[in-house]
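Coordinate analysis (summary)
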Amino acid sequence: MKAICLLIVMLSTTVVLAQSKDEALKKIIQQQELDWNKNDMKSFSQAFSEDAVLINFLGMYWKGKEEIMTQFSHINECCIKPTSIKLEWIDAKFLSENAAYAHIKETLTAKEDYAVPGGVVKKGTVNTKFITAVFEKQNTIWKITTMQVTQVNAPPR
């Protein structure tokens, strides 16, 4: 009976620890959602490691936290400010105590009409992207080391 009780306590502890690790990563993504919706690209970029890589949905390759912040700041007025995002946590897998990856669903909504190369995005337009983010714990702090954003398009008819 003692062995069964000990096993239950150990399993419960493992579940709680896994949830708390997940929560640390979820908080980073929740903060990024808040920062995007406040148009604070400096704060948004703080989630990335110094040498992080971000590949956006257009296939642009940005290396380093400074470049990520600079590029997002360049497009803030035209393409971020007139939008809002909702980031939904899908799942995560821990590869070690210091490494994990996560999948996130992004829903972006146009709050007003805005111009993009090749056209105008109309107010109310909604698009979806999937994000894969790789996290590394650096000196007890989780940072995004790489992020890939993929646009979801309707299948051809």
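In short, a report on the structure. Bear in mind that the values here come from a model prediction, so they are computed numbers and not experimental data. (Residues numbered from 1 in each chain as written. Predicted model: local features only at pLDDT ≥ 70, side-chain atom pairs only at ≥ 80, totals over all residues. Heavy atoms only, no water.)

Quick look at the overall build of the protein now. Helix and strand counts for the protein come out as three helices and eight strands. Along the protein, helices and strands appear, N-terminal first, in the series α-α-β-β-α-β-β-β-β-β-β. Taking all 157 residues of the protein together, 32% fall into the buried category. (Helix = DSSP H or I, 4+ residues; strand = E, 2+ residues; numbered from the N terminus. Buried < 20%, exposed > 50% of the residue type's maximum accessible area, 1.4 Å probe, protein only.)

With that out of the way, let us pick up unusual backbone geometry. Of note in this structure, N139 is not a glycine but carries a positive phi near 55 degrees. Its place among the elements puts N139 in the loop between β7 (126-138) and β8 (141-152). A positive phi angle is found at T140, which is not glycine, with a value near 70 degrees. Tracing the backbone shows T140 in the loop between β7 and β8.

Tracing the chain through its elements places T70 in helix α3 (residues 65-80). Between the alpha carbons of T70 and M41 there is a distance of 8.4 Å; along the sequence they are 29 residues apart. Within polar-contact distance, the side chain of T70 engages the backbone oxygen of E66 at 2.8 Å. (Polar contact = N/O pair within 3.5 Å; in protein donor to acceptor, adjacent residues only side chain to side chain.)

The strands making up a sheet are joined through hydrogen bonds of the backbone, oriented either antiparallel or parallel. Overall, mixed pairing links the six strands, which are arranged β2-β1-β8-β7-β4-β3 in an open sheet. Every interior strand has two partners, whereas the edge strands, β2 (61-63) and β3 (83-96), have only one. Strand-to-strand, the axes of this sheet are offset by a mean angle of 15 degrees, without reference to chain direction. In this structure, β3 lies alongside strand β4 (residues 99-110), joined through twelve bridges in antiparallel fashion. For I85, the partnering residue across the bridge sits in β4 and is L108. The strands touched by α3 within the sheet are β1 (48-55), β2 and β3, with β1 carrying the most contacts at an inclination of about 50 degrees. (Pairing = 2+ DSSP bridges. Axes fitted to C-alpha atoms, helices over the stretch in contact; angles between N-to-C directions. Contact = heavy atoms within 4.5 Å.)

Tracing the backbone shows E33 in helix α1 (residues 2-37). The class for E33 is buried, based on a relative accessible area of 15%. For E33, the side chain forms a polar contact with the main-chain nitrogen of L87, separated by 2.7 Å. When neighbours within four sequence positions are excluded, E33 is seen to be in contact with I85, K86 and L87.

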